[in-house]
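# Structural overview
Below, each chain spelled out in residue letters.
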Amino acid sequence: FFYFHVEILVTIVAIQGFYLFKMLSKPKSQQNHNLILKFTTGMLLIFLVTVGPIHEISESYLFSAHMLQHVVLTIIAPPLILAGLPNNMLDILFNIRLLSRICLFLVHPLVAFFLFNLVYALWHFPVLYNLALNVHFIHFFEHALFFSTAFLMWIPLLSPFKQISVLSPPLKMMYLFFLSVGQIIVFAPITFSEIVLYSRYLNSPVTVITPLQDQIIGGILMKISGGLIFLTLFIVTFFNWAKMEENRV
C-alpha cells in the first residue's frame with residue numbers, strides 16, 4: 001500500500017511555486033527558460049524519489065531503493081537545482097553582513113566538504129538509520145539535511161552566484177578527488193559487511209534477492225553513482241584546464 005506524504009509534497013510544491021513565481025514575474029526578455037528547466041528537473045527528481053512508491057519501497061522493502069533516494073538527493077538533484085538558480089539569488093542575504101558571513105563560511109570548500117561527509121556518514125550508522133525508518137519526521141529531517149549539505153558541497157564546484165567564485169581547476173580536481181574518496185567511509189562497511197546492518201529489511205517480503213545481497217547492491221549503487229559523476233567532472237575539468245592553458249600560450 002503506497003501513499004503520499006503530504007508534508008513532503010507541500011514542501012516541494014511550495015519551493016517550486018515560489019521559484020516559478022519569481023522567474024516568470026520578470027519581463028519576458030529577462031526570463032531564462034533554460035534555468036527553469038534545470039531547476040524544475042531537479043525538483044521533479046526529488047518528488048519522484050520522496051513521494052509515493054519509491055519512498056515506501058525504500059522504507060520497508062529494499063535498502064538499495066533507499067540508496068537510490070540518497071543518490072538523487074545528494075548527487076543528482078542538487079547540482080541541477082543549483083544550475084537553475086539566477087546569479088542574483090543570494091543578493092538579499094549578502095546585503096546583511098551577518099548572513100553574508102554565515103553564507104561564505106558554509107560554502108567554504110573545507111566546511112562544505114566536512115559537513116556533507118559528516119552528515120552522510122552519521123545517518124548511515126545503523127542506530128540513526130533505523131530510527132529514521134521508524135519515525136517519519138526524523139526521516140524527513142534526515143533527507144532535508146542530506147539535500148542541504150549536498151547543496152553546500154556543490155557550490156564550490158558550480159556556483160552561479162556572483163558573490164561566490166568557483167574553485168580554480170586544480171583545486172576543483174582535488175576537491176572532486178577527495179569527495180570520491182570520502183564516500184569510502186560509508187561504502188566499505190555497508191558493501192563488505194557479512195551481516196545485514198539494518199534490521200528493518202530482515203523481514204522484507206522481497207524474495208528475488210536476500211537482504212544481504214540487497215545491502216551489497218545498495219552500497220555499490222552509492223559508490224558507483226557518486227564515483228562516476230565525480231570522475232566525469234574531474235576529467236571535464238582537467239581537459240578544460242588544459243585547453244585554457246593552451247590558449248594562454
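So, here's what we can say about the structure. (Residues numbered from 1 in each chain as written. Predicted model: local features only at pLDDT ≥ 70, side-chain atom pairs only at ≥ 80, totals over all residues. Heavy atoms only, no water.)

## A word on the overall build of the protein chain
Secondary structure summary: the protein chain contains 12 helices and zero strands in total. For the protein chain, whose C-alpha radius of gyration is 19 Å, the value lies close to the compact-globule estimate of 18 Å for 249 residues. Across its three principal axes, the protein chain shows a C-alpha extent of roughly 60 × 45 × 35 Å. When the 249 residues of the protein chain are sorted by exposure, 42% land in the buried category. (Helix = DSSP H or I, 4+ residues; strand = E, 2+ residues; numbered from the N terminus. Rg over C-alpha atoms; globule rule 2.2 N^0.38 Å. Buried < 20%, exposed > 50% of the residue type's maximum accessible area, 1.4 Å probe, protein only.)

## A closer look at the pattern of salt bridges
Under the counting rule described, the total for this entry stands at one salt bridge. The partner of Asp-91 in a salt bridge is Lys-162, with the nearest N and O atoms 3.3 Å apart. Residue Asp-91 is located in helix α5 (residues 91-94), and its partner Lys-162 is located in the loop between α9 (136-158) and α10 (169-182); the two are separated by 71 residues in the primary sequence. Take Asp-91: its relative accessible area is 22%, and that puts it in the partly exposed class. (Salt bridge = Lys/Arg side-chain N within 4 Å of Asp/Glu carboxyl O.)

## Remarks on the side chain of Gln-215
Its location among the elements puts Gln-215 in helix α12 (residues 211-248). For Gln-215, a relative accessible area of 1% puts it in the buried group. If we skip the residues at most four places from it in the chain, Gln-215 touches Phe-63, Ile-190, Ser-193, Ile-195, Val-196, Leu-197 and Tyr-198. (Contact = heavy atoms within 4.5 Å.)

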